[in-house]
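Chain residues, written in single-letter form:
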Amino acid sequence: MPFARGALGCAWLADDRLYCVGGANSQLGPFANDLMIYAADADAWSAGPAMAFPRDHIEFHALEGGQRAIAIGGRSHYVEEGTSMHPVFWKNSNEMEMFDVRTQTWKTIAPMPLARGAVRGALYHRNGPEAPPNLLLGGGQRFIVMSGQALNVLEEFDVEKGVYYCHAHLPHPYYGGGFGVHDGKLHIVGGAEWLFLSATRRVMVVDLAKAPRPEPCMYTAARTTDQWERTGHGNPPYPDIDAENTFSKRLRKLTTTYYDHVSGVQQAPTQYEQRLRQSGRMGAHG
């Protein structure tokens, strides 16, 4: 590849090229929005148009036989207004961008209701084989500073209508495993059920034909607050770093501990922490 990348998304599209987008070269970024295109017949890479939002832990899923593809969710750096990106805080992304291989252009489409990375996607022909399929979106990760959680959400996206439907929660949280539909059943294989830990041998099977028909998600995709997340999902309410609320004691402890651990000598508060303290959002001792 032209650039070293991990946690990127790749898909073979209709022009018989492999399209790879996003990713990062380390856990702390910088996160990329590059589109790299591989031609197997020539064994050569070329650059395509960049997507709008840099991120890693991204799912890139082909649609319409590879005529289009969607870049789904991911994580990026938290950026406070008027400043450069913060080097530590990860931000969950709900951005959805559609790439058209025929015009080689991107467009932003309806965002996911729940911002997260490491989402897995699979096509499901709910309305029959002749109708455009919906896109199932399962599990994923939510990050808070350098920690986070795995999720047990299952959504269904009607791409043509731009509407998200919410299924009942999966019985276990999940990210990073196999995810696919066969014979009308969603198979979820392995993965992990907690951030960085707990790989499993579990196989979850959802019989989509027998499952209750999902309802439109009752929450809206907007800036995350602990209020809507607490009511919208059964998962623990970890607020985004940019949520309109105060930082939790857990977040304060993680922030201070992280800086001391990484630098070994850095005792003075960072400029970012100073701004938080001046605004009353962080105590004098972190």
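> Can you lay out the sheet that holds strand β4 (residues 44-48) for me, pointing to particular residues and giving the numbers?
Sheets are built from strands that pair by backbone hydrogen bonding, the pairs being arranged parallel or antiparallel. Spatially, β1-β2-β3-β4 is the arrangement adopted by the four strands of the open sheet, whose pairing is antiparallel. Pairing within the sheet leaves two strands with one partner each, and these edge strands are β1 (9-12) and β4. Each adjacent strand pair in this sheet contributes to an overall mean axis angle of 25 degrees, direction not counted. Bridge count between strand β3 (residues 35-39) and β4: five bridges; the pairing is antiparallel. Note on β4: the bridge partner recorded for Ile37 is Ser46.

> An account of the pattern of salt bridges is requested, with residue identities and associated values reported.
Across all of its chains, the model carries 11 salt bridges by this definition. The partner of Glu156 in a salt bridge is Arg126, and the shortest N-O contact between them spans 2.6 Å. Of the two residues, Glu156 is situated in strand β13 (residues 154-158) and Arg126 in the loop between β9 (120-124) and β10 (134-138); the sequence distance between them amounts to 30 residues.

> Any details on the state of the cysteines? Residues and values, ideally.
Using the criterion set out here, one finds two disulfides in the structure. Note on cysteine connectivity: Cys10 is disulfide-linked to Cys20, with sulfurs 2.2 Å apart. Disulfide Cys10-Cys20: torsion about the S-S bond near 115 degrees, hence right-handed. One end of the pair, Cys10, is in strand β1; the other, Cys20, is in strand β2 (residues 17-21), and 10 residues separate them in sequence. On the accessibility criterion, Cys10 (36% relative accessible area) is partly exposed. Owing to a relative accessible area of 1%, Cys20 belongs among the buried residues under this scheme.

> I'd love a proper account of the pairing of strand β14 (residues 163-166), names of residues and values included.
Across four bridges, β13 lies against β14 in antiparallel orientation. Bridge assignment links Glu155 to a residue of β14, and that residue is Cys166. Between β13 and β14, which follow one another and run antiparallel, lie four residues, and Gly162 among them has a positive phi close to 70 degrees. Sheet analysis places β14 next to strand β20 (residues 215-216), joined by two bridges and oriented antiparallel. Bridging across to β20, Tyr165 finds its partner in Pro216.

What counts, and where the lines are drawn
- Residues numbered from 1 in each chain as written.
- Predicted model: local features only at pLDDT ≥ 70, side-chain atom pairs only at ≥ 80, totals over all residues.
- Heavy atoms only, no water.
- Pairing = 2+ DSSP bridges.
- Helix = DSSP H or I, 4+ residues; strand = E, 2+ residues; numbered from the N terminus.
- Axes fitted to C-alpha atoms, helices over the stretch in contact; angles between N-to-C directions.
- Salt bridge = Lys/Arg side-chain N within 4 Å of Asp/Glu carboxyl O.
- Disulfide = S-S within 2.5 Å.
- Buried < 20%, exposed > 50% of the residue type's maximum accessible area, 1.4 Å probe, protein only.

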